[in-house]
Amino acid sequence: MRIAMAASEAAPYIKTGGLGDVLQALPRALADLPENDVALFLPYYKKIKDNPAIRAEFLASFTVNLTWRQQYVGLFRCETGRKNLQVYLIDNEYYFLREGTYGFYDDGERFAYFSKAVLACMNWLDFRPEILHCHDWQTALIPVYLDAEFRGCFPDTRTVFTIHNVEYQGKIAPEFFNDVLGLDDYWRGVCSFDGCVNFMKAAVTRANVVTTVSETYASELRYPYYAHGLSGILASRGQNLRGITNGIDVSVYDPATDKALAKNFTEQTFADKQINKRALQKELGLGQTDAPILAMVTRLVGHKGIDILCFIIRRLLERDLQLVIVGTGDAKYEHALMAVAADYPGKFSMNLRFDSGLASRVYAGSDIYLMPSRSEPCGLSQLIAMHYGTVPVVNATGGLKDTVPPFNPETGEGRGYTFQSYNGDDFLGAIDRALGDYFNNRAAWDALARKDMREDFSWRVPAAKYMEMYRGMLAE
Ligand code: GLC
């Protein structure tokens, strides 16, 4: 099957969050199936141009129009080392040769341009995919431009739109429709919502199938609490709104080979996790005690549960444990957490930075991973934590509910500790249950951590589910 993917980020080229991880692993997993031909399209950002490790070959240049603008498109191809995976970079220095990836006043125009350019590039390449799979708002106009302007070139192409983050929809003032999009008036309704141009709403309406990154989140998105205004439109897609739970790239996140660790380990050499714990305590200035290390690697924003963490944090730190947090985010949380950390030297290590090596050492050296997100489309760090033998405590929402079934000490079933309603006391209650088993039932605890390490969180299963869905779409 010929499959095109378009996204605003994909590791190792460019990554700001989980989307980048997914767009690294999913195209590879699909290209591992010999019957597939996969092409991934990305903007050629400055950060990619500046990276000497990435070599791109120039293929062609042409222009696309956005109303009166005639914009340059440079098409480049990267060496992937895989026969049936091509990575294409779309060059336009006016839009992409900037410091940073998102957050510019003209992001709407930048990604409307990108969406149109992807179609123009596929046409130049004579790559006519059966499935064109777009991710998040930045590529949400692709199904629109496909139907409005490129159908003649791609008569049989079916589209999938995947929501990784419904909070960012690409909402822009209504003038944008005439100013930039250059589409017939018919499309104004499709691209508008609540008096604004709304990229994501357009894709939710026009893509053949809409997916999101876990099954539970696919049902949650039908409710206003989760959908940031789009619940009605999402619910109206019925069976064409589906959930497929993400995996992790187990060749990237592998405690047996991860070069950042003090000592590599596997489920069989689980005792070596202790060496990583001691090394982490040393690195972060924590006491060399046997108290469990509780950890979070997260953006410091409300929906990640930092608000309820702040509510309980001093009570939490009265217990026999150590706490490690790595991440940056809203100033109010950064300040609050730094202030608490100053009161608990040697017990609470607060690291206001993102560093992937440190993140790996935290996953490897900790005992308990906290993920109290208010909502979570999938969440990848709980999967990485489990893969590194660190037991999660999560709010049972979205992908956290699907990937962390509650542990039952009687039967040994489950993977971690969960709470059901979003408040600090329930979160603390779940942590206390985990601490109870850690201190009083150590054999069962270690068995749980080792079982979590054995679980298959690879992309094998989700890639097969995407293939099944694609095949179903082509058969319709
Ligand atoms: C977004 C979501 C996260 C998900 C990731 C990859 O970052 O917030 O839950 O795991 O996308 O799909």
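Treat the numbers as computed from the prediction; the structure is a model and nothing was measured.

**Q** Which parts of the structure should I look at to understand the domain arrangement of the protein chain?
**A** Reports of interface size often rely on the accessible area that becomes lost once the parts have come together. Here the domain parsing of the protein chain yields domain 1 (2-247 + 460-475) and domain 2 (270-454). Inter-centroid distance (C-alpha atoms) of domain 1 to domain 2 is 33 Å. Of the residues lining the interface, 16 residues belong to domain 1; the matching set on domain 2 comes to 14 residues. On the domain 1 side of the interface with domain 2, the three residues burying the most area are Thr216, Tyr217 and Tyr225, jointly 31% of the side's total. At the boundary of domain 1 and domain 2, one finds 0 salt bridges.

**Q** How should the site of the ligand be read in this particular structure?
**A** Looking at the ligand, the residues that line it are Gly18, Leu19, Val22, His164, Val213, Asn246, Glu376, Pro377, Cys378, Gly379 and Leu380. Within the backbone of glycine 379, an N or O atom sits 2.8 Å from an oxygen atom of the ligand. With the chains in place, 91% of the 310 Å² that the ligand exposes on its own is no longer accessible. The residue makeup of the shell around the ligand, split by class, is 6 nonpolar, 4 polar and 1 charged. In this structure, the shell around the ligand is formed jointly by two domains, domain 1 (2-247 + 460-475) and domain 2 (270-454), each of which donates at least three residues.

**Q** Help me understand the nonpolar core, please; the structure alone is not making it clear to me.
**A** For soluble globular proteins, the rule of thumb is that nonpolar side chains tend to be buried together. Core analysis: the largest hydrophobic core is formed by 171 residues, its most contacted members being Phe41, Tyr113, Phe161, Leu181, Phe348 and Tyr470. Counting residues per element, this core draws most heavily on helix 4 (residues 107-125), at 11 residues.

**Q** In this structure, what is going on with the packing of helix 4 against helix 5 (residues 142-150)? I would like to understand it.
**A** Two quantities define a packed helix pair, namely the angle between the axes and the distance from one axis to the other. As a packed pair, helix 4 and helix 5 sit with axes 9 Å apart at the nearest point and diverge in direction by 55°. One finds that helix 4 runs oblique with respect to helix 5. As for the relative orientation of helix 4 and helix 5, their crossing is right-handed in sense. Contacts between helix 4 and helix 5 involve Ala112, Ser115, Lys116, Val118, Leu119 and Ala120 from the first element and Ile142, Tyr145, Leu146, Glu149 and Phe150 from the second.

**Q** What exactly am I supposed to notice about the pairing of strand 6 (residues 131-135) here?
**A** Every other side chain in a regular strand lies on the same face of the sheet, so the side chains alternate between the two faces. The buried fraction of strand 6 is high, at 5 of 5 residues. The alternating pattern of strand 6 places Ile131, His133 and His135 and Leu132 and Cys134 on opposite faces, both of which are buried. In this sheet, strand 6 lies alongside strand 1 (residues 2-6) in parallel orientation, the contact comprising 4 bridges. Within strand 6, the residue paired with alanine 4 across the bridge is leucine 132. For strand 6 and strand 7 (residues 158-163), the ladder comprises 5 bridges, and the chain directions are parallel. Note that in strand 7 the partner of histidine 135 across the bridge is threonine 162. Each parallel crossover has a hand, and the one from strand 6 via helix 5 to strand 7 is right-handed.

How each quantity is defined
- Residues numbered from 1 in each chain as written.
- Predicted model: local features only at pLDDT ≥ 70, side-chain atom pairs only at ≥ 80, totals over all residues.
- Heavy atoms only, no water.
- Domains from an automatic or database assignment.
- Contact = heavy atoms within 4.5 Å.
- Buried area = accessible area lost by both parts, 1.4 Å probe.
- Salt bridge = Lys/Arg side-chain N within 4 Å of Asp/Glu carboxyl O.
- Near = heavy atom within 4 Å.
- Polar contact = N/O pair within 3.5 Å; in protein donor to acceptor, adjacent residues only side chain to side chain.
- Areas by Shrake-Rupley, 256 points an atom, 1.4 Å probe, with all protein chains shown as cover.
- Nonpolar A, V, L, I, M, F, W, Y, C, P; charged D, E, K, R; others polar.
- Core = buried A, V, L, I, M, F, W, Y, C linked by side-chain atoms within 4.5 Å.
- Buried < 20%, exposed > 50% of the residue type's maximum accessible area, 1.4 Å probe, protein only.
- Helix = DSSP H or I, 4+ residues; strand = E, 2+ residues; numbered from the N terminus.
- Axes fitted to C-alpha atoms, helices over the stretch in contact; angles between N-to-C directions.
- Parallel < 35°, antiparallel > 145°, perpendicular 65-115°, else oblique.
- Left-handed = near helix turned anticlockwise from the far one by under 90°.
- Pairing = 2+ DSSP bridges.
- Right-handed = clockwise from strand over helix to strand, strands pointing away.

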